[in-house]
Amino acid sequence: QVQLVESGGGLVQAGGSLRLFCAASGFIFSTVGMAWYRQATGKGRELVGSIGRASSPVYVDSVKGRFTVSRDNAKNTVYLQMDSLKPDDTAVYYCAALLGAGTTWGQGTQDTVSS
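Residues numbered from 1 in each chain as written. Predicted model: local features only at pLDDT ≥ 70, side-chain atom pairs only at ≥ 80, totals over all residues. Heavy atoms only, no water.

(A) Structural context of the sheet that holds strand β8 (residues 77-82). Taken in spatial order, the four strands make up an open sheet running β1-β3-β8-β7, and their pairing is antiparallel. Edge positions in the open sheet fall to β1 (3-7) and β7 (67-72), since each of these has one partner strand only. Taken over all neighbouring pairs, the strand axes of this sheet differ in orientation by 15 degrees on average, direction set aside. Taken together, the five bridges between β1 and strand β3 (residues 18-25) define a ladder with antiparallel strand orientation. Looking across to β3, one finds that Leu 4 is bridged to Ala 24. (Pairing = 2+ DSSP bridges. Helix = DSSP H or I, 4+ residues; strand = E, 2+ residues; numbered from the N terminus. Axes fitted to C-alpha atoms, helices over the stretch in contact; angles between N-to-C directions.)

The following block contains the structure:
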């Protein structure tokens, strides 16, 4: 059974940092592209960044230079390091596995950035 479990979210002041974790199970992690999405209240879900099996990560313009996506295949974990956070970064953040049969989502973790 494919499962993604996010952790590490919380409340932080503007300018601060958060590190999100996504533990994966139920598939061969090293062969699958992974991504982080977010959804703010009243808005659609947007891609934040993604990382392929062996490729460099890519990011949406609004987080370039502030967010970093990385993965540890030995630990079946993908990370999202978020620095210089802004109130506009407040959202529920979701981990996603880009499987051939479709995208599998984690349960999401709420991140709130106060001004």
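(B) Here's a closer look at unusual backbone geometry. Although it is not a glycine, Asn 76 adopts a positive phi angle of roughly 50 degrees. You can see Asn 76 is positioned in the loop between β7 and β8. Positive phi, normally seen in glycine, also occurs at Ser 84, with a value near 50 degrees. Along the chain, the position of Ser 84 falls in the loop between β8 and β9 (91-99). Its relative accessible area of 43% is what places Ser 84 among the partly exposed residues. (Buried < 20%, exposed > 50% of the residue type's maximum accessible area, 1.4 Å probe, protein only.)

(C) Here's a closer look at the packing of aromatic side chains. The final tally for this structure, using the stated rule, is four aromatic pairs. Aromatic side chains Tyr 37 and Trp 105 sit 4.8 Å apart centroid to centroid with 70 degrees between the ring planes, which places their arrangement in the edge-to-face category. Note that Tyr 37 is positioned in strand β4 (residues 33-39) and Trp 105 in strand β10 (residues 102-105), a separation of 68 residues in sequence. Between Tyr 94 and Trp 105 the ring centres are 6.4 Å apart and the planes differ by 85 degrees, which places this aromatic pair in the edge-to-face class. Within this pair, whereas Tyr 94 is found in strand β9, its partner Trp 105 is found in strand β10, the two being separated by 11 residues in sequence. Taking the relative accessible area as the measure of exposure, Tyr 94 reaches 13% and is therefore buried. Taking the relative accessible area as the measure of exposure, Trp 105 reaches 35% and is therefore partly exposed. An aromatic cluster of three or more residues is present, and its members are Tyr 37, Tyr 94 and Trp 105. (Phe/Tyr/Trp six-rings, centres within 6.5 Å; stacked < 30°, edge-to-face > 60°.)

Without other data, these values stay purely geometric and don't point to any function.
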